[in-house]
Protein chains: 2
Amino acid sequence: MASVSCISGRDELNFIHLCNPHLEKMQEDILYHFALGTGTHDLPALFGDVKFVCVGGSPSRMKAFITYIAGELGLGSPGSEHPNICAGTDRYAMYKVGPVLSVSHGMGIPSISIMLHELIKLLHHAKCSNVTIIRIGTSGGIGLEPGSVVITRKSVDATFKPQFEQVILGKSVIRSTDLDEQLAKELMQCSKEINEFNTVIGNTMCTLDFYEGQGRLDGAICLYTKEEKLQYLREAFESGVRNIEMESSVFAAMCNLSGVKGKVATLLKL
Amino acid sequence: MASVSCISGRDELNFIHLCNPHLEKMQEDILYHFALGTGTHDLPALFGDVKFVCVGGSPSRMKAFITYIAGELGLGSPGSEHPNICAGTDRYAMYKVGPVLSVSHGMGIPSISIMLHELIKLLHHAKCSNVTIIRIGTSGGIGLEPGSVVITRKSVDATFKPQFEQVILGKSVIRSTDLDEQLAKELMQCSKEINEFNTVIGNTMCTLDFYEGQGRLDGAICLYTKEEKLQYLREAFESGVRNIEMESSVFAAMCNLSGVKGKVATLLKL
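Thresholds applied
Residues numbered from 1 in each chain as written. Chains lettered and ligands numbered in written order. Predicted model: local features only at pLDDT ≥ 70, side-chain atom pairs only at ≥ 80, totals over all residues. Heavy atoms only, no water. Helix = DSSP H or I, 4+ residues; strand = E, 2+ residues; numbered from the N terminus. Buried < 20%, exposed > 50% of the residue type's maximum accessible area, 1.4 Å probe, protein only. Contact = heavy atoms within 4.5 Å. Areas by Shrake-Rupley, 256 points an atom, 1.4 Å probe, with all protein chains shown as cover. Lys, Arg positive; Asp, Glu negative; His and termini not counted. Charge placed at Lys NZ, Arg CZ, Asp CG, Glu CD. Pairing = 2+ DSSP bridges. Least-squares fit on C-alpha atoms with pLDDT ≥ 70 in both. Buried area = accessible area lost by both parts, 1.4 Å probe. Salt bridge = Lys/Arg side-chain N within 4 Å of Asp/Glu carboxyl O. Polar contact = N/O pair within 3.5 Å; in protein donor to acceptor, adjacent residues only side chain to side chain. UniProt positions renumbered as here; feature names shortened; annotations may be inferred. Domains from an automatic or database assignment. Axes fitted to C-alpha atoms, helices over the stretch in contact; angles between N-to-C directions. Parallel < 35°, antiparallel > 145°, perpendicular 65-115°, else oblique. Left-handed = near helix turned anticlockwise from the far one by under 90°.

1. Quick notes on the overall build of chain A
For step 1, the next point in the chain: In terms of regular secondary structure, chain A is built from 6 helices and 12 strands.
For step 2, the next point in the chain: By the burial criterion, 54% of the 270 residues in chain A qualify as buried.
For step 3, the next point in the chain: For chain A, the proportion of contacts with a sequence separation of at least 24, taken over those separated by at least 6, is 74%.
For step 4, the next point in the chain: Accessible surface, chain A as shown: approximately 11,600 Å² in total, 55% of it carbon and sulfur.
For step 5, the next point in the chain: Distance between charge centroids for chain A: 2 Å, based on 25 positive and 29 negative side chains.

2. Some points on the pairing of strand S8 (residues 163–168) of chain A
Successive residues of a regular strand alternate their side chains across the two faces of the sheet.
For step 1, the next point in the chain: Only one face of S8 of chain A is buried: it carries Phe-164, Gln-166 and Ile-168 of chain A, and the other face, with Gln-163, Glu-165 and Val-167 of chain A, is open.
For step 2, the next point in the chain: The hairpin turn running from S8 of chain A into strand S9 (residues 171–176) of chain A, its antiparallel successor, is 2 residues long, and Leu-169 of chain A in that turn takes a positive phi close to 50°.

3. Focus on the relation of the copies chain A and chain B
For step 1, the next point in the chain: The two copies are related by a screw operation: chain A maps onto chain B through 180° of rotation and 0.0 Å of translation along the axis, at an RMSD of 0.0 Å. One copy is carried onto the other by what is essentially a two-fold rotation axis.
For step 2, the next point in the chain: By residue overlap, the copies meet face to face through one surface: 98% of the interface positions of chain A are interface positions in chain B.

4. Let's talk about the interface of chain A and chain B
For step 1, the next point in the chain: With 66 residues of chain A at the interface, the matching set in chain B holds 65 residues.
For step 2, the next point in the chain: Overall, the association of chain A and chain B removes approximately 5,700 Å² of surface from exposure, summing both partners, and the carbon and sulfur fraction of that is 60%.
For step 3, the next point in the chain: Taken as a group, Met-107, Leu-169 and Leu-223 of chain A account for 14% of the area that chain A buries against chain B, more than any other trio of residues on that side.
For step 4, the next point in the chain: Arg-175 of chain A is paired through a salt bridge with Glu-212 of chain B; the nearest N and O atoms lie 2.7 Å apart.
For step 5, the next point in the chain: The interface formed by chain A and chain B contains 26 residue pairs in polar contact (both at pLDDT 80 or more).

5. Overview of the UniProt feature "binding site: substrate" (unreviewed entry) in chain A
Residue and element names in this part refer to chain A.
For step 1, the next point in the chain: The UniProt feature table records "binding site: substrate" (unreviewed entry) at Gln-214 and Arg-216.
For step 2, the next point in the chain: Looking at the element boundaries, Gln-214 is found in the loop between strand S10 (199–206) and helix H5 (226–238).
For step 3, the next point in the chain: Look past the residues within four positions of Gln-214 in its chain and what remains in contact with it is Thr-207, Asp-209, Leu-233, Ile-244, Glu-245 and Met-246.
For step 4, the next point in the chain: Among the structural elements, Arg-216 can be located in the loop between S10 and H5.
For step 5, the next point in the chain: Separated by 2.8 Å, the side chain of Arg-216 and the backbone oxygen of Phe-210 make a polar contact.

6. A closer look at the UniProt feature "binding site: phosphate" (unreviewed entry) in chain A
Residues and elements named next belong to chain A.
For step 1, the next point in the chain: Here, the residues flagged by UniProt with the feature "binding site: phosphate" (unreviewed entry) are Arg-91, Arg-135, Ile-136, Gly-137 and Thr-138.
For step 2, the next point in the chain: Structurally, Gly-137 is set in strand S6 (residues 132–141).
For step 3, the next point in the chain: Among the residues examined, Gly-137 registers a relative accessible area of 17% and is labelled buried.
For step 4, the next point in the chain: In contact with Gly-137, other than residues within four places in its own chain, are Ala-265, Thr-266 and Leu-267.
For step 5, the next point in the chain: A distance of 3.4 Å separates polar atoms of two side chains, one belonging to Thr-138 and the other to Arg-61.

7. Remarks on the domain arrangement of chain A
Interface size is commonly expressed as the accessible surface area that is lost when the partners come together.
Residue and element names in this part refer to chain A.
For step 1, the next point in the chain: As far as domains go, chain A holds domain 1 (1–130) and domain 2 (138–270).
For step 2, the next point in the chain: Relative to domain 2, the C-alpha centre of domain 1 lies at a distance of 23 Å.
For step 3, the next point in the chain: Across the boundary between the two partners, domain 1 contributes 20 residues, which contact 21 residues of domain 2.
For step 4, the next point in the chain: For the pair domain 1 and domain 2, the summed buried area comes to about 1,600 Å², and 71% of that belongs to carbon and sulfur atoms.
For step 5, the next point in the chain: At the junction of domain 1 with domain 2, the criterion picks out 0 salt bridges.

8. Some thoughts on unusual backbone geometry
For step 1, the next point in the chain: In the Ramachandran plot, Lys-127 of chain A falls in the positive-phi region, its phi being about 60° despite a non-glycine side chain.
For step 2, the next point in the chain: Classification of Lys-127 of chain A as exposed rests on a relative accessible area of 59%.

9. Topic: the packing of helix H3 (residues 109–125) of chain A against helix H6 (residues 248–258) of chain A
All names here are of chain A.
For step 1, the next point in the chain: Between H3 and H6, the shortest axis-to-axis distance is 9 Å and the interhelical angle comes to 20°. Between H3 and H6, the angle is such that the two are roughly parallel. In this structure, H3 crosses over H6, and the sense of that crossing is right-handed. Note on element contacts: H6 touches H3 through Ser-249, Val-250, Phe-251, Met-254 and Ser-258, opposite Ile-109, Ile-112, Ser-113, Leu-116, His-117 and Ile-120.

Structure, rendered in structure tokens:
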């Protein structure tokens, strides 16, 4: 079915690659779920200086993050409000300070996937180069103390395979979920210097479901025993899984295809 | 793996059934993503009179809906604000007027699934009976005028099968996506009486992805041709599909398992 080819990889300036030849023929590109577009917004002027994008599930956390990072970078006056760039929609929230963009993505693979399609197009239209995207969030952990941080080595599916299955026009396509290894080492080094959190590099399991998919016993539906749950989590741990969340696989697959440095770091829930 | 059985179906008063024997042993049930719980809230007092739950993706639309329905039912003073019952979290928004609850669910199967697990438990704890849940939303259409309404006969997957595949503890489980037929007829009759919309009963395709999963040509990644896209949509139409969205399959599967009358009605996007 792949009768249109995708020339991925990076050039010297590491611009964002769109694996979609149809876009060249479009006069205008509307980023529906951001309420932004090439016909209505000067994207290079608004976003051309972006070098780091941090994405996470909750809009209020991403707002809190931009306030924190503004303080750390000494940009903007303390207490100043950072406007929501996507105020025209309630699908996602987006904040910017200097070279850092902070975007919410909701919960689950389909929700983050819509956001990433439009984010990657936004960064391309804005002519951004050398962009790093980091997913920050909370997750459940396996065999680690609450409050630990997991930097994802590989994102694996519910059978512990490092792959993302995408259904395209009714057919299953398997994509790689490798993440940037150098970036993992850099983040680990940062964590050592800060010395505030127990930080490990491990595999992250990405599921399509929060309750039954992650072996919880307290959903509205649960047809397995506690022993079956524990056996599954033991197998996950033995395969190298250290935490479980719901977005990392498609995040890794889409970063790979678009030539973006991508990384996932999650804080285990208390 | 199903070593714990689920006794589904309804008793005379049609209470909500929880297919989870573990819940009986829990002293407190925290509905994390609603910021509600049995230990902190008097759920029967707050929600015991609920008979209809309308769910949809966008929080602002679900707020607009409760204002509309309050006017239609003559409940509450015009212009009065309806507080967000889930103000303690930004995951979902919830509004109530009389017997009607209006809840947002975000985008995609994983996001609505978390909401439905907690909604079904909430209705159970509140001792609600004879509850009808209707998903209202927008979707893409096939072979219909924009602005039409599709009442879902069956929710089908990306290969046009009326089923929902759920991965539980790493194993695939197939669940039925049948929806209440009588309710479809009643909604169709209402539509005829209102006579404002072109309304059809048809199959709804539920995908895990908005761009590549639904054959769009304007995502950041698109490796198929326009002809391949059109061929796929033709096959979908011929199988009875009239619209495409991202939540109906798990909605139908979970309503079935919990003994709730469920229905999906979607307005085709303009």
